[in-house]
Amino acid sequence: MKKLLILFVLILLPLAASASLPVNQTVSKARLTSLISEIRGYDGVEVVRLGALPTAAIKTVLRAAARRDEDAKEALRLLRGVRRVSVLDYEDCSPAVRERISARLDRALVGSELLMEAKDDDASMRIFGVVDEKTGTVRDFVLHSPDGGTLICIFGSISMDAVSKVLADD
């Protein structure tokens, strides 16, 4: 019986290890949201969250403005698929706390697909998300600047065409 149990465990170990590997490399919304809620209590941390209702209200205002303003029309196109937004600013924390928060955010983003990393002299920005080439969108867009003490999470989908048009106008 022991031999059968050991054989069974040996067979299950590789299966368990492969099940824990990220299949689609998605951004863990639950993990980030939970971490932001926990970090929100630290001194020097500011959090702004826009759930479904405030996001819908912003889109309504943009729809009204889009009738007269071309920039508002582009912003509406950009935000059409956005469901929630969370902004975490921890720049005003002590250096030790800022490093601890950055390390925790880095661990929360492990397994997420890194779309781009930009480095300047003393700052870096990492952009995560899930690209859907069939629909031409990026889902669950996360921007993290550990040096600047900022995390921006845009949950939902953003059209790549709208992003490229906005970037081309600037």
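Higher on the page you've got the structure.
Because the structure is predicted, anything quoted here is derived from the model rather than measured.

**Notes on the pairing of strand E4 (residues 124-132)**
Reasoning step 1: Sheet analysis places strand E3 (residues 114-119) next to E4, joined by five bridges and oriented antiparallel. Counterpart to Leu114 in the pairing with E4 is Phe128.
Reasoning step 2: Where E3 folds back on E4, the antiparallel hairpin that results is connected by four residues.
Reasoning step 3: In this sheet, strand E5 (residues 137-145) lies alongside E4 in antiparallel orientation, the contact comprising six bridges. Opposite Ile127, over in E5, you have Leu143 as the bridge partner.

**Some details on a nonpolar patch on the surface**
Reasoning step 1: Together, Leu115, Met116 and Val131 make up an exposed nonpolar region whose accessible area comes to about 230 Å².
Reasoning step 2: For Val131, the position within the fold is in strand E4.
Reasoning step 3: Classification of Val131 as partly exposed rests on a relative accessible area of 38%.

**Here we look at the pattern of salt bridges**
Reasoning step 1: Under the counting rule described, the total for this entry stands at five salt bridges.
Reasoning step 2: The partner of Glu70 in a salt bridge is Lys73, and the shortest N-O contact between them spans 3.9 Å. Taken together, the residues Glu70 and Lys73, both in helix H4 (residues 70-79) and three residues apart, mark about one turn of the helix.
Reasoning step 3: Residue classification places Lys73 among the partly exposed positions, given a relative accessible area of 31%.
Reasoning step 4: Glu74 is paired through a salt bridge with Arg77; the nearest N and O atoms lie 2.6 Å apart. Of this pair, Glu74 and Arg77 both sit in helix H4, three residues apart, roughly one helical turn.
Reasoning step 5: The exposure class assigned to Arg77 is partly exposed, which follows from its relative accessible area of 32%.

**Let's talk about a negative patch on the surface**
Reasoning step 1: A cluster of acidic residues, Asp120, Asp121, Asp122 and Asp147, forms a negative patch at the surface.
Reasoning step 2: Note that Asp147 resides in the loop between E5 and strand E6 (150-159).
Reasoning step 3: You can call Asp147 partly exposed: its relative accessible area is 44%.

**Brief notes about unusual backbone geometry**
If a residue is not glycine, its phi is most likely negative; likewise, a peptide bond is most likely trans.
Reasoning step 1: A positive phi angle is found at Asp140, which is not glycine, with a value near 50°.
Reasoning step 2: Mapped onto the fold, Asp140 is located in strand E5.
Reasoning step 3: You can call Asp140 buried: its relative accessible area is 8%.

**Side note on helix H2 (residues 29-39)**
Reasoning step 1: Buried within H2 are the following residues: Leu32, Leu35, Ile36 and Ile39. Mapping the buried residues of H2 onto a view down its axis gives an arc of 100°, with all of them on the same face.

Definitions and cut-offs
Residues numbered from 1 in each chain as written. Predicted model: local features only at pLDDT ≥ 70, side-chain atom pairs only at ≥ 80, totals over all residues. Heavy atoms only, no water. Pairing = 2+ DSSP bridges. Helix = DSSP H or I, 4+ residues; strand = E, 2+ residues; numbered from the N terminus. Patch = residues over 30% accessible without salt bridge, like charges linked within 9 Å, V, L, I, M, F, W, Y side chains within 5 Å. Areas by Shrake-Rupley, 256 points an atom, 1.4 Å probe, with all protein chains shown as cover. Salt bridge = Lys/Arg side-chain N within 4 Å of Asp/Glu carboxyl O. Buried < 20%, exposed > 50% of the residue type's maximum accessible area, 1.4 Å probe, protein only. Lys, Arg positive; Asp, Glu negative; His and termini not counted. Charge placed at Lys NZ, Arg CZ, Asp CG, Glu CD. Arc of directions from axis to C-beta.

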